[in-house]
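The primary structure of each chain is shown beneath.
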Amino acid sequence: MTQEPTIVKGEVGQNRRTQSERRAQTRAALLAAGRLLFTEQGFAGAGREEIVERAGLTRGALYHHFASKEDLFAAVYEEVERDLCASVIAAASTSGDPVEELRLGALAFLDAAAAPEVRRIMLLDGPAVLTPEVQHEIAQRYGLGLVREVLRAADAAGRLVVGPVDLLAPVLLAALHEAAESIADGADPVGMRAVVESLVNAITTEPTTEPTTEPTTEPTTEPTTEPTTTATRTAPAP
């Protein structure tokens, strides 16, 4: 008589969680290896075998998670974009003023874009490897969406002088990318930061302040007292 194996309650769920964790760890290892090698060698220089070797995996594991090297690069690109936006948000959130948030975020973008992985993966290889549709889709979720959000906040506060926001946002983001590429190519970072600050100033206004009006005090008028006239009686003649 064959005895059915005893299944302990929760064992199946535990196995599923373990498999899910293993898949997540494998994918994370491939992303980390790809991110490092794409930064060091560029997309063309980083071979598939080197990526899986750096990750401690097999080529089968690579193709189980990513259909191609381009697919892996797209995932790495999105990860770098997400981390870049997180650093920009952290810098901008120190102010409660929408225009100041825009200025701080733009300068933080220039600082973060100087990092080798951002320059190589996002600014140099990204436009060459990814289709415009993929770049646009990622930008909508991260960089472009972030720029659009802060511009809308400035517009709602009456501080934006150029618009509409949906047309301005991609132009501003393209200008920031161009500024970042120029710095990466050797342009003066101090001068480029000044240009970006001037750009922010050109599309925004200072907050309007209501003039302070001193309270008007009505002059106090003393009541007018009519002089009292006392009638003089003339005594009758004796």
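Values in this document were obtained by computation on a predicted structure and should not be read as measured data.

Definitions and limits used
Residues numbered from 1 in each chain as written. Predicted model: local features only at pLDDT ≥ 70, side-chain atom pairs only at ≥ 80, totals over all residues. Heavy atoms only, no water. Axes fitted to C-alpha atoms, helices over the stretch in contact; angles between N-to-C directions. Helix = DSSP H or I, 4+ residues; strand = E, 2+ residues; numbered from the N terminus. Parallel < 35°, antiparallel > 145°, perpendicular 65-115°, else oblique. Left-handed = near helix turned anticlockwise from the far one by under 90°. Contact = heavy atoms within 4.5 Å. Phe/Tyr/Trp six-rings, centres within 6.5 Å; stacked < 30°, edge-to-face > 60°. Buried < 20%, exposed > 50% of the residue type's maximum accessible area, 1.4 Å probe, protein only. Expected span 1.5 Å × (residues − 1). Salt bridge = Lys/Arg side-chain N within 4 Å of Asp/Glu carboxyl O. 1 Å grid on protein atoms, 1.4 Å probe; cavity = no way out; pocket = protein on both sides within 12 Å on 5 of 7 lines; lining within 4 Å. Points joined across faces, edges and corners; volume = space filled by probe spheres on them. Core = buried A, V, L, I, M, F, W, Y, C linked by side-chain atoms within 4.5 Å.

In this section: the packing of helix α8 (residues 143–156) against helix α9 (residues 165–184). Contact geometry for α8 and α9: axes closest at 9 Å, N-to-C directions at 125°. Considering their axes alone, α8 and α9 lie oblique with respect to each other. In the packing of α8 onto α9, the handedness of the crossing is right-handed. Counted together, Gly 143, Leu 144, Val 147, Arg 148, Leu 151, Arg 152 and Asp 155 of α8 and Val 165, Asp 166, Leu 168, Ala 169, Pro 170, Leu 172 and Leu 173 of α9 form the full contact between these two elements.

Here we take up the packing of aromatic side chains. A ring pair, where both rings are aromatic, is described by two values, the distance of the centres and the angle of the planes. Inspection of every chain in the model, using the stated rule, returns four aromatic pairs. Seen in terms of ring centroids, Phe 43 and Phe 73 are 5.4 Å apart; in terms of plane orientation they differ by 75°. Their pairing is edge-to-face. Of this pair, Phe 43 sits in helix α1 (residues 11–45) while Phe 73 sits in helix α4 (residues 69–92), and the two are 30 residues apart along the sequence. Here the two residues Phe 43 and Phe 73 agree in accessibility, since each one is buried. Each member of the aromatic cluster is reached from another via a ring pair, and the members are Phe 38, Phe 43, Phe 73 and Tyr 77.

A word on the environment of Glu 149. Of note, Glu 149 is situated in helix α8. The exposed category is assigned to Glu 149, whose relative accessible area is 56%. In sequence terms Glu 149 and Ala 169 are 20 residues apart; their C-alpha atoms lie 8.9 Å from each other.

Let us look at α8. Taking 1.5 Å of rise per residue, 14 residues should cover 20 Å, and α8 covers 20 Å from first to last C-alpha, within 8% of that figure. Inspection of α8 places Gly 143, Leu 144, Gly 145, Val 147, Arg 148, Val 150, Leu 151 and Ala 154 among the buried residues, and these make up the whole buried set. On its buried face, α8 is in contact with α4, α5 (98–113), α7 (132–141), α9 and α10 (189–203). At the C-terminal side of α8, Gly 158 shows a positive phi close to 75°.

With that settled, the discussion passes to the pattern of salt bridges. Applying the stated criterion across every chain, the model contains 15 salt bridges. In this structure, a network of salt bridges that share partners links the residues Arg 35, Glu 79, Arg 82, Asp 83 and Glu 117.

All right, on to the layout of surface pockets then. Of the voids in this model, the largest pocket is the one considered here, and its volume is about 630 Å³. Around the largest pocket, the lining is made up of 32 residues, and of these Gly 143, Leu 144, Leu 146, Val 147 and Leu 173 lie nearest the centre. Of all elements in the fold, only α4, α5, α6 (116–129), α7, α8 and α9 reach the threshold of two or more residues within the lining of the largest pocket.

Below, the discussion takes up the environment of Gly 105. Turning to its location among the elements, Gly 105 is positioned in helix α5. Each C-alpha atom, one on Gly 105 and one on Ala 91, is 6.2 Å from the other, the two residues being 14 residues apart in sequence. When residues no more than four places from it in sequence are discounted, the contact partners of Gly 105 are Val 88 and Ala 92.

With that settled, consider the nonpolar core. Of all hydrophobic cores here, the largest spans 42 residues; its most connected members are Phe 38, Leu 72 and Phe 109. For this core, the elements supplying multiple residues, two or more each, are α1, α2 (48–55), α4, α5, α6, α9 and α10. Among the elements that take part in this core, α4 stands out by supplying ten residues, more than any other. When residues no more than four places from it in sequence are discounted, the contact partners of Phe 38 are Phe 43, Ala 46, Ile 51, Lys 69, Leu 72, Phe 73, Val 76, Arg 120 and Ile 121. Counting residues in hydrophobic clusters, the runner-up holds 16 residues, among them Leu 168, Ala 169, Val 200 and Ile 203.

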